[in-house]
Amino acid sequence: MPQVKLVEIGPRDGFQSVNEFIPTSLKTAVIDRLVEAGLRKIQITSFVSPKAIPQMKGARQVSEYVLTKYPAVEPFALVPNLTGAKMAVAAGLKEIGPVMSLSESHNMANIRRSVEESLEETKAIRQQFPDTKITQDIATVFGCPFEGRMRVEPLLELLGRLHAIGIRDFTLCDTIGVAYPKQVTEVFQKATAAFPDCGFGAHIHDTRNMGILNSYLALQNGASSVQTAIGGLGGCPFAPGASGNTATEDISYMLEREGYATGLDMDKLVATARFLQANVAGNYSGHHAAISAEFREMGMPA
Ligand code: COA
Ligand code: ZN
C-alpha cells in the first residue's frame, strides 16, 4: 500500500479564519484529538503580529504544550518574517514555514512586504537558523484575488531564487481556491521536474468544490504531501466567500478507498470535526461530519 502524508493545518489556517478568540485550552483540546486520530505532522499555529491576526495569540503556549506532550509529533508553525522565525525557534519548534506570495499585491496586502523583501527575509531566516527545517509556503501560486490567474514561469523563477538561498522544501498554495485540474497537473509536473532535489507539498482551498480533485492530482504529479484542515474550517480574508482547505476527513476517506495508507482513524477524524463544529463558530466545507454513523459505515470496505 503506498503511504501518503496528510499534513494537518486546521489549527493555523482554520483557526485564523475564526473571529471569536478560541481559548488556548480549546485549541490544544482540538490538537489532542488530531493526534489521537493519527495525525503526526501538524501546523499548530503561526507567529504573526497579533494586530494582523489576533486569533494566533498564545502561539508560544500552544507550541510548548505540543512539544512537551507529543514527542512523536512533528509540529511546525507559519512565520511571516524573521521576527516570527525567532519567536518560533525560541518556543522550541524545529520546523517553520515562512510564507510569501507569488503575486506582489497579495504579498503586500498579507505581510506588508514586496516579494523582494520577503526573499531577503527567508534568506535571513535560512542563515540565522541553519538547524531549523524550513518549508517555504508560496501563496497565490494558481491565482491571486488582486492580479487574477498566475502563470507557471514566474513561479519557476521564484523557486529558483529560493533554491539559490538554500530552500529545498516548498508548499504550493491555492490560497483562494481557483486552481483547476490541468493547472495543478502542469504546476506540479514542471516544479518537480525543474527542482528534482526539492520536496513539494500541496495546499488547496475548496472554494469551488475542486479541492479534493486538485489535491489528488497534486499527489499524482509529484507532490509528496497534502495539507488539509479538519472539518474544512477556514476561508480567506482577501477573498469573500472562499472556503477553507479541503477537509482532512474527506481526503482521508478518498485516499484510503483508493488504496493509500494515511494512518488515520476515520471515526476519530469525524468526531474531531464534530467537536470543532460544536465548539467553534466558523465556515466549514467538509462533508463527512454531516453523515450519520450508519451511512458512514456504508462507505467502509466490506
Ligand atoms: N510576530 C509578532 N509580532 C510581530 C511579528 C511577528 N512575526 N512581526 C512583527 N511584529 C510586531 C513588531 O514587533 C511590531 O510591534 P510594536 O508595534 O509593538 O513595535 C509590530 O508587529 C509592527 O512590526 P512591523 O515589522 O512594522 O510589521 P507590520 O506592521 O509591517 O506587519 C507582519 C507585518 C508580517 C508582521 C504582519 O503583517 C503579519 O503578521 N502578517 C501575517 C499575516 C498572516 O498571517 N496571514 C495569513 C497567513 S498566509
Ligand atoms: Zn490557506
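If you're wondering where the values come from, they're calculated on a predicted model, not measured in any experiment.

Visitor: Would you take a moment to explain the overall build of the chain for this structure?
Guide: Looking only at helices and strands, the chain features 12 helices and 10 strands. A compact globule built from 302 residues would reach a C-alpha radius of gyration of about 19 Å, and the chain, at 18 Å, matches this within 12%. Here the C-alpha coordinates of the chain stretch approximately 55 × 40 × 35 Å along the principal axes. The burial tally for the chain puts 58% of its 302 residues in the buried class. Look at the contacts in the chain between residues 6 or more apart in sequence, and 74% of them connect residues 24 or more apart. If you sum the accessible surface of the chain, you get close to 12,600 Å²; carbon and sulfur atoms cover 53% of it. Averaged over its 28 positive side-chain charges, the chain has a centre that lies 4 Å from the centre of its 31 negative ones.

Visitor: Help me understand helix α9 (residues 211-220) in this model?
Guide: Residue pairs three or four apart in sequence face the same way in an α-helix, which turns once every 3.6 residues. The buried count for α9 comes to 7 of 10 residues, which makes it a mostly enclosed element. Every buried residue of α9 is listed here: G211, N214, S215, Y216, L217, A218 and L219. Buried residues in α9 make contact with α8 (181-194), β9 (199-204), β10 (225-228) and α10 (248-257). G222 sits one or two positions beyond α9 and adopts a positive phi of about 120°.

Visitor: Please clarify how the coordination of the zinc ion (ligand 2) should be interpreted in this entry.
Guide: Four donors placed tetrahedrally around a metal ideally meet at 109.5 degrees, and six donors placed octahedrally ideally meet at 90 or 180 degrees. Every protein donor of the zinc ion (ligand 2) is listed here as D13 (OD), H203 (NE2) and H205 (NE2), and their distances to the metal cover 2.0 to 2.1 Å. Positions of the donor residues of the zinc ion (ligand 2) along the chain correspond to the pattern D-x189-H-x1-H. Residue D13 is located in helix α1 (residues 10-14), and its partner H205 is located in the loop between β9 and α9; the two are separated by 192 residues in the primary sequence. There is no split in this pair, since D13 and H205 are both buried.

Visitor: Can you walk me through the state of the cysteines in this structure?
Guide: What is meant by a disulfide is a covalent connection between two cysteines, made through their sulfur atoms. Overall, the coordinates contain 0 disulfides when judged by the stated rule. Of the cysteine sulfurs around C198, a residue in no disulfide, the closest is that of C173, at 15 Å. Using a relative accessible area of 13% as the deciding quantity, one classes C198 as buried.

Visitor: Teacher, can you tell me more about the site of ligand 1 here?
Guide: Close to ligand 1 lie 18 residues, the nearest being S49, K51, N81, N110 and R112. Between ligand 1 and F47, the relevant distance is 3.0 Å, taken from a nitrogen atom to a main-chain nitrogen or oxygen of the residue. S49 has a polar backbone atom sitting 2.8 Å from an oxygen atom of ligand 1. Computed on the free molecule, ligand 1 has an accessible area of 920 Å², of which 66% lies beneath the protein chains in the complex. Of all the elements in the fold, those that place two or more residues in the shell around ligand 1 are α4 (82-90) and α5 (104-111). Take the shell around ligand 1: its biggest share by element is 3 residues, from α4. Residue composition of the shell around ligand 1, grouped by class: 8 nonpolar, 6 polar and 4 charged.

Visitor: Could you clarify how one ought to interpret the packing of helix α6 (residues 115-128) against helix α7 (residues 152-164) in this entry?
Guide: Each pair of packed helices can be summarised by the angle the axes make with each other and by the distance between the axes. Here α6 crosses α7 at 30°, and the two axes come no closer than 10 Å. Taken as axis vectors, α6 and α7 run roughly parallel relative to one another. Along this stretch, α6 crosses α7, giving a crossing that reads as right-handed. Counting all contacts with α6, which are made through V115, E116, L119 and T122, the residues of α7 involved are L158, R161 and L162. When its residues are assigned to classes, the contact of α6 with α7 shows 4 nonpolar, 1 polar and 2 charged.

Visitor: How should I be thinking about the pairing of strand β8 (residues 169-174) in this particular structure?
Guide: Two faces belong to every sheet, and in a regular strand the side chains alternate between them. Across the 6 residues of β8, 5 count as buried, placing the element largely inside the fold. Relative to β8, strand β5 (residues 133-139) runs parallel, the two being bridged by 4 bridges. In the sheet register, I138 faces β8, and the bridge partner there is L172. With 6 bridges connecting them, β8 and β9 associate as parallel partners. Across the sheet, D169 pairs through a bridge with G199, a residue of β9. A crossover links β8 with its parallel partner β9, the connecting element being α8, and its sense is right-handed.

Visitor: Can you walk me through α6 in this structure?
Guide: Between its terminal C-alpha atoms α6 stretches 20 Å, which fits the 20 Å expected from 14 residues at 1.5 Å a residue. Every buried residue of α6 is accounted for by V115, S118, L119, E121, T122, I125 and R126. One side of α6 holds all its buried residues, which, seen down the axis, span an arc of 160°. Buried residues belonging to α6 abut β3 (74-79), α4, β4 (95-101), α5, β5 and α7.

Definitions and limits used
- Residues numbered from 1 in each chain as written.
- Chains lettered and ligands numbered in written order.
- Predicted model: local features only at pLDDT ≥ 70, side-chain atom pairs only at ≥ 80, totals over all residues.
- Heavy atoms only, no water.
- Helix = DSSP H or I, 4+ residues; strand = E, 2+ residues; numbered from the N terminus.
- Rg over C-alpha atoms; globule rule 2.2 N^0.38 Å.
- Buried < 20%, exposed > 50% of the residue type's maximum accessible area, 1.4 Å probe, protein only.
- Contact = heavy atoms within 4.5 Å.
- Areas by Shrake-Rupley, 256 points an atom, 1.4 Å probe, with all protein chains shown as cover.
- Lys, Arg positive; Asp, Glu negative; His and termini not counted.
- Charge placed at Lys NZ, Arg CZ, Asp CG, Glu CD.
- Donors = N, O, S within 2.8 Å, 3.2 Å for Na, K, Ca; no water.
- Disulfide = S-S within 2.5 Å.
- Near = heavy atom within 4 Å.
- Polar contact = N/O pair within 3.5 Å; in protein donor to acceptor, adjacent residues only side chain to side chain.
- Nonpolar A, V, L, I, M, F, W, Y, C, P; charged D, E, K, R; others polar.
- Axes fitted to C-alpha atoms, helices over the stretch in contact; angles between N-to-C directions.
- Parallel < 35°, antiparallel > 145°, perpendicular 65-115°, else oblique.
- Left-handed = near helix turned anticlockwise from the far one by under 90°.
- Pairing = 2+ DSSP bridges.
- Right-handed = clockwise from strand over helix to strand, strands pointing away.
- Expected span 1.5 Å × (residues − 1).
- Arc of directions from axis to C-beta.

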